[in-house]
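Single-letter residue listing:
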Amino acid sequence: MEEKAKGCLLIIGGAEDKTEGSVILKQTLSLLKDADILTVLTTATEKPEEVGQNYLSVFKKLGIKNVQILNISTRDEANSDTFSEKIKKSKCIFITGGDQLRLTSILGGTVSGSELKNLYNNGGCIMGTSAGASVMSSTMIVKGNDNEPAKKCTLKMAPGLGLISGVIIDQHFDQRGRFGRLMCGVAENPEVIGIGIDEDTCVKLFADMHFEVIGTNAVTIIDGSTIKSSNVSELKQNEILAIMGVTVNILPQGYGFDLISRKVMRF
């Protein structure tokens, strides 16, 4: 996992507190100076005006002075100077929830998509909630069964935006019973680290590839590198997986994780 990015990622499990007491969204106050621009990217949602205005109001109440709404709804817009320049001039991008496949299909391989990566690599911050969280990895979960044990062929995955590699990110994790589907993804590719983020909880990832857990719930880390054996290659569709030796850590606020050394951290 060799990352060259110099910025930070705030990867939110969805349903974050949007009041003035929000611990997660208040992270922007320490990341932005008065003149810096925070852009709320509403591409993922089918209600961009409603969602955009909601977050505009939230960030203004938190004390962020320069907030703009950006709804890129087509690939032509994503390739236009008008839209890509707004990303280029931003210090922080907040990606709303919605449909992660909509995000990648519109932004992937476009000028705006490239500017998003450039912003991160040049010291900017990318925040994403729900679908905006899943899309940050090189490979993302598109569909999988909630509240079920790990089964073969129940998980659908696709390329993400590629801001971080070597991980699979899932959101609304405990609240929607997604342990089984993330375990399935790790069993199929033990090299990756599964990161399951609960609601109103986020992973704050720094440039050296360690992260801090922030919020009211927890982050589940599934490390497949310790797996002794599994039957994933032998199963028929929808049969339950057997996995031996996998490492699972559940981390609330005050803890973190180093993605390079694969070790838990305590703050």
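What counts, and at which threshold
- Residues numbered from 1 in each chain as written.
- Predicted model: local features only at pLDDT ≥ 70, side-chain atom pairs only at ≥ 80, totals over all residues.
- Heavy atoms only, no water.
- 1 Å grid on protein atoms, 1.4 Å probe; cavity = no way out; pocket = protein on both sides within 12 Å on 5 of 7 lines; lining within 4 Å.
- Points joined across faces, edges and corners; volume = space filled by probe spheres on them.
- Buried < 20%, exposed > 50% of the residue type's maximum accessible area, 1.4 Å probe, protein only.
- Helix = DSSP H or I, 4+ residues; strand = E, 2+ residues; numbered from the N terminus.
- Pairing = 2+ DSSP bridges.
- Phe/Tyr/Trp six-rings, centres within 6.5 Å; stacked < 30°, edge-to-face > 60°.
- Core = buried A, V, L, I, M, F, W, Y, C linked by side-chain atoms within 4.5 Å.
- Contact = heavy atoms within 4.5 Å.
- Arc of directions from axis to C-beta.
- Disulfide = S-S within 2.5 Å.

Here the focus is empty space enclosed by the protein. Gaps left between atoms show up when a probe the size of a water molecule is rolled over them. Using the criterion set out here, one finds 1 cavity of 30 Å³ or more in the structure. There is about 30 Å³ of room inside the largest cavity. Around the largest cavity sit Asn145, Glu148, Pro149, Lys151, Thr154, Gly180 and Arg181, which together line it.

Successive side chains on a regular strand alternate, one facing one side of the sheet and the next facing the other. For strand β5 (residues 125-129), the buried fraction is high: 5 of the 5 residues fall into the buried class. Across the two faces of β5 the burial is the same, with Cys125, Met127 and Thr129 and Ile126 and Gly128 all buried. Of the strand pairs in this sheet, strand β1 (residues 8-12) and β5 are connected by 5 bridges, and their pairing is parallel. Within the sheet, the bridge partner assigned to Leu10 lies in β5 and is Met127. With 4 bridges joining them, strand β4 (residues 92-95) and β5 adopt parallel strand pairing. For Phe94, the partnering residue across the bridge sits in β5 and is Met127.

On to the packing of aromatic side chains. Evaluated as defined, the whole model comprises 5 aromatic pairs. Measuring from centroid to centroid gives 4.6 Å for Tyr55 and Phe94, while their planes differ by 45 degrees, and the two rings are tilted. In this pair, Tyr55 is assigned in helix α2 (residues 48-62) and Phe94 in strand β4, connecting sequence segments 39 residues apart. Each member of the pair Tyr55 and Phe94 is classed as buried. Put simply, the rings of Tyr55, Phe59 and Phe94 touch in pairs and so form one group of aromatic residues.

What follows is about unusual backbone geometry. For Asn147, which is not glycine, the phi dihedral falls at a positive 55 degrees. In this structure, Asn147 sits in the loop between β6 (139-143) and β7 (156-159). Although it is not a glycine, His172 sits at a positive phi angle of roughly 50 degrees. Take His172: it is sitting in the loop between β8 (167-171) and α8 (179-188). The exposure class of His172 is buried, given its relative accessible area of 6%.

This part takes up the nonpolar core. Of all hydrophobic cores here, the largest spans 41 residues; its most connected members are Leu9, Ile72, Ile126, Ile195, Leu205, Phe211 and Leu259. Setting aside its immediate chain neighbours within four residues, Phe211 contacts Ile195, Val203, Lys204, Leu205, Ile221, Gly256, Phe257, Leu259 and Phe267. With 21 residues, the next largest nonpolar core counts Cys8, Leu38, Tyr55 and Cys202 among its residues.

With that settled, consider helix α6 (residues 111-121). Taken together, the buried positions of α6 are Ser112, Gly113, Glu115, Leu116, Leu119 and Tyr120. Taken around the axis of α6, the buried residues stretch over an arc of 160 degrees, which confines them to a single face. A positive backbone phi angle near 105 degrees is found at Gly123, which sits one or two residues after α6.

The subject of this paragraph is the state of the cysteines. Taken as a whole, this structure holds 0 disulfides when the rule is applied. Summary of cysteine pairing: Cys8 is not part of a disulfide, and the nearest cysteine sulfur, belonging to Cys125, is at 3.4 Å.

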